[in-house]
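Coordinate inspection notes
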Amino acid sequence: MIQWPPNLPNIYYQDDAVCIVHADCREILPLLPDKSVDLVLTDPPFSIPVKYEASGNEWPRSWRDLLIMEPFFTIVFSQLKRVLKLGGHCYINCDAESYPIFHKIGYSLWPQSQVIVWYKPTGRRGRGWLHSYELVYHPRSSETVYTDGFRQDVIGIMPVRTLNRQHPAEKPGDLLSFLIEGCPLDSDGIILDPFLGSGTTAACAKELGRNCIGIEIEERYCRIAADRCRQMVMPAVMKVRG
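Residues numbered from 1 in each chain as written. Predicted model: local features only at pLDDT ≥ 70, side-chain atom pairs only at ≥ 80, totals over all residues. Heavy atoms only, no water.

**What about helix 6 (residues 200-207)?**
We count it as follows: Throughout, exposure labels follow a simple rule: accessible area from a 1.4 Å probe, protein chains only, divided by the maximum for the residue type, with under 20% read as buried, over 50% as exposed, and the rest as partly exposed. Secondary structure counts use DSSP, requiring at least four H or I residues in a row for a helix and at least two E residues in a row for a strand, with both numbered from the N terminus.
Of all eight residues making up helix 6, seven are buried, and the element is well covered by its neighbours. Every buried residue belonging to helix 6 is among T200, T201, A202, A203, C204, A205 and K206, and all of these are buried. Phi turns positive, to about 75 degrees, at G209, one or two residues after helix 6.

Here it is as structure tokens:
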């Protein structure tokens, strides 16, 4: 049985594979031991918190708009780097506008990085450019180890249908499972999602026989994530990748 860090407060749900904490990740991440996490897999709130129209008047966009995000993510990324094992994996969902800030912060923390494109083949018709992709920022070190096999950095997986989503930005389990399976994990290895949302990362981890710590600031999503994990059964044999 996995031994969770003993000093975690506000544990909302816990079983043999998943630990869900109801809190701001900036409060919980400093409590995790150094080099204790094998895989960071998360989807942070990366929309730009700036409106460009007020009372019918518009003003031009500025790089300062993006910099609003920088102090928050500098704290979070620094903690993720601290808790991640030297050969561990880190995957952070973003889009074309948030990626510059993520890369700016990550560039000073990790020696290498890669961008993975999640292509969403929705097949819709219309004029203009259909928004059919998102980005996954993958900062890494030269010691990052992958499971055997060749993987392309463009992944085509259908998104979760709007009517089936339990969270506005819910990612498909197939995408997260694909990323998880690229990281070699022992039976006691830990996946960390500091922005757990409705719990897809935790559910995929449990389904694959992995262990996950999820942190979520909104209680309603903690409840959804806990219910999803509570209804699942761990595989009889833990999967060990090498």
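**A few points about the sheet that holds strand 6 (residues 84-94)**
Operational definition: Pairing between strands requires that DSSP locate at least two bridges from one strand to the other. The angle between two axes is taken between their N-to-C directions and runs from 0 to 180 degrees, where each axis is a line fitted to C-alpha atoms and a helix contributes only its stretch in contact.
The nine strands lie next to each other as 1-2-11-10-3-6-8-7-9, forming an open sheet whose pairing is mixed. With partners counted over all chains shown, the strands left at the sheet margins are strand 1 (11-14) and strand 9 (154-156), one partner each. Direction aside, the axes of adjacent strands within the sheet are offset by 20 degrees on average. Judged from the five bridges that link them, strand 3 (residues 37-42) and strand 6 form a sheet pairing that is parallel. The residue of strand 6 that forms the bridge with V37 is L84.

**Some points on the confidence of the model for the chain**
How we decide: Each residue carries a pLDDT score, the predictor's confidence in it, ranging from 0 to 100. Should any heavy atoms of two residues lie within 4.5 Å, those residues are considered in contact.
Model confidence for the chain is summarised by a mean pLDDT of 88, while 89% of its residues fall at 70 or above. Here strand 4 (residues 53-54) stands out as the least confident element of the chain, with mean pLDDT 56; strand 10 (residues 190-193) is the most confident, with 98. This model gives residues 236-242 a pLDDT under 50, and the stretch forms 19 contacts once residues within four places in sequence are excluded.

**Let's talk about the nonpolar core**
Here is the rule we go by: Nonpolar cores are built from buried Ala, Val, Leu, Ile, Met, Phe, Trp, Tyr and Cys residues. Side-chain atoms within 4.5 Å join them into one set.
Among the nonpolar cores identified, the biggest contains 35 residues, and L29, F77, L80, F102 and L192 are the most heavily contacted of them. With five residues, the top contributor of residues to this core is helix 3 (residues 70-83). Not counting the four nearest positions on each side in its chain, F102 is found in contact with P44, F46, M69, F73, F77, I92, N93, C94 and Y137. Residues Y13, W118, L175 and C222 belong to the second largest nonpolar core, which totals 29 residues.

**Description of the pairing of strand 8 (residues 133-140)**
For strand 8, the tally of buried residues reaches six of eight residues, placing the bulk of the element in the interior. With eight bridges connecting them, strand 7 (residues 112-119) and strand 8 associate as antiparallel partners. Across the sheet, residue Q114 finds its bridge partner in strand 8, namely H138.

**Topic: the packing of aromatic side chains**
Stated formally: Classification of ring pairs uses Phe, Tyr and Trp, with its six-membered ring standing for Trp, and accepts pairs whose centres are within 6.5 Å; under 30 degrees between planes counts as stacked, over 60 as edge-to-face, and the remaining range as tilted.
Across all of its chains, the model carries six aromatic pairs by this definition. Through successive ring pairs, a cluster of aromatic residues spans F72, F73, F77, F102 and F195.

**Let's talk about the side chain of S177**
Here S177 lies in helix 5 (residues 173-181). Sequence-distant contacts of S177, defined by excluding residues within four places in its chain, comprise C204 and L208.

**Examining the packing of helix 3 against helix 4 (residues 99-107)**
Here is the rule: Just so you know how the angles are binned, under 35 degrees is roughly parallel, over 145 roughly antiparallel, 65 to 115 roughly perpendicular, and the rest oblique. Throughout, a crossing is termed right-handed when the near helix is turned clockwise from the far one, and left-handed when it is turned anticlockwise from it by less than a right angle. Polar here means any residue outside two lists: the nonpolar Ala, Val, Leu, Ile, Met, Phe, Trp, Tyr, Cys and Pro, and the charged Asp, Glu, Lys and Arg; Gly therefore counts as polar.
Contact geometry for helix 3 and helix 4: axes closest at 10 Å, N-to-C directions at 45 degrees. On the basis of the axis angle, helix 3 is oblique to helix 4. Between helix 3 and helix 4 lies a crossing of right-handed hand. Facing E70, F73, T74 and F77 of helix 3, the residues of helix 4 in contact are I101, F102, K104, I105 and G106. Of the residues belonging to the contact of helix 3 with helix 4, the class tally is five nonpolar, two polar and two charged.

**Focus: the layout of surface pockets**
The criterion, for reference: Definitions used throughout: a 1 Å grid over protein atoms alone; a cavity as a set of points that fits a 1.4 Å probe which cannot get out; a pocket as an open set with protein on both sides within 12 Å along at least five of seven lines; a lining residue as one with an atom within 4 Å of a point. Grid points are joined across faces, edges and corners, and a volume is the space filled by probe spheres set on the points.
In this model, the largest pocket occupies a volume close to 930 Å³. What lines the largest pocket is a set of 46 residues, among which D43, H167, P168, A169 and E170 lie closest to the centre. When the residues that make up the lining of the largest pocket are grouped by side-chain class, the tally is 22 nonpolar, 11 polar and 13 charged. Here the second largest pocket is characterised by a volume of approximately 220 Å³. Around the second largest pocket, the lining is made up of 15 residues, and of these Y91, I116, Y146, R151 and Q152 lie nearest the centre. Secondary-structure elements contributing two or more residues to the lining of the second largest pocket are strand 7 and helix 5. Its residues placed into classes, the lining of the second largest pocket shows seven nonpolar, six polar and two charged.

**Here's the deal with the pattern of salt bridges**
Test applied: Basic side-chain nitrogens of Lys or Arg form a salt bridge, by our definition, when they fall within 4 Å of a carboxyl oxygen of Asp or Glu.
One pass over the full model with this rule turns up 11 salt bridges. Taking the shortest distance from any N to any O, the salt bridge between K171 and D43 comes out at 2.6 Å. Of this pair, K171 sits in the loop between strand 9 and helix 5 while D43 sits in the loop between strand 3 and strand 4, and the two are 128 residues apart along the sequence. Pair check on accessibility: K171 and D43 agree, each one buried. The residue E134 makes a salt bridge to K171 at a minimum N-O spacing of 3.5 Å. Taken together, the positions of E134 in strand 8 and K171 in the loop between strand 9 and helix 5 put the pair 37 residues apart, joining distant regions of the chain.

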